[in-house]
Amino acid sequence: MEANVVNVKKENVGTIELKDSIFNTEVKEHTVWEVIKWQLASRRAGTASTKTRAEVRGSRRKILPQKGTGNARHGDRKANIFVGGGVAHGPHPRDYYYALPKKVRKKALKGVLSMKLKDGELTVIEDFSFEEPKTKKAIEVLKNFGLDQSKVLLVLSEKDDNVMKSFRNIPKAKVLLVDGLNTYDILNADHVLVTKSAAEKINERLG
């Protein structure tokens, strides 16, 4: 399929051939949900930690005689029912990562790219660069597309410090290289701007 290529002023400057197998596919909602769940699980720090009654510092002396006082038959003060005692069944450091087949991840990525293009939320933009890092120039580019108030994902084919530094100060803008392209960030963006060279690289990588 053919898509228009525009410059930073949103003027048509040509076309590009996008593979139907990537930009014109259907994907099940459940597949996308599964990939998003996997991505968010992988990002979890898993550092939440509590102490059990065995780990809490304190005396292990029985607080009252077993019989005769009319009080409950308690052991030491480190029991979970006391303030300062251990926590029963609390969280401990763990890794939330689990494996997900590469084919499933690839299918979901193709599906969300197709969906964004179909909904008019993906634009192929001519490769551009800045002479120096300048947030003002990045905002100008977004304003030309009417996206200065939207969540935008800019996809580059290779690292460009001037462009990346210019966009990183904009709260709702995110820059990714093709190698880091993922389902969650595409879905999370209101609009995706893909440079021409990045689109060609996506054709290669996912084709």
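Described in the following lines is the structure provided in the data block. None of these values were measured; they are calculated from a predicted model. (Residues numbered from 1 in each chain as written. Predicted model: local features only at pLDDT ≥ 70, side-chain atom pairs only at ≥ 80, totals over all residues. Heavy atoms only, no water.)

1. Some thoughts on the environment of W33
Okay, step 1: Its place among the elements puts W33 in helix 2 (residues 29-43).
Okay, step 2: On the accessibility criterion, W33 (46% relative accessible area) is partly exposed.
Okay, step 3: Sequence-wise, W33 and A54 are 21 residues apart; in three dimensions their C-alpha atoms are separated by 40 Å. (Helix = DSSP H or I, 4+ residues; strand = E, 2+ residues; numbered from the N terminus. Buried < 20%, exposed > 50% of the residue type's maximum accessible area, 1.4 Å probe, protein only.)

2. Here we look at the nonpolar core
Okay, step 1: Ranked by size, the top nonpolar core spans 31 residues in total, and within it L113 and I202 carry the most contacts.
Okay, step 2: Broken down by secondary-structure element, the contributors of at least two residues to this core are strand 1 (2-6), helix 1 (20-23), helix 2, helix 3 (102-118), strand 3 (122-125), strand 4 (152-156), strand 6 (191-195) and helix 7 (196-206).
Okay, step 3: The element contributing the most residues to this core is helix 3, with five residues.
Okay, step 4: Once residues within four sequence positions are removed from consideration, L113 is found in contact with I22, F23, L122, L181, I186, I202 and L206.
Okay, step 5: In terms of nonpolar packing, the next biggest core, distinct from the first, is built from 18 residues, F130, A138, F145 and L156 among them. (Core = buried A, V, L, I, M, F, W, Y, C linked by side-chain atoms within 4.5 Å. Contact = heavy atoms within 4.5 Å.)

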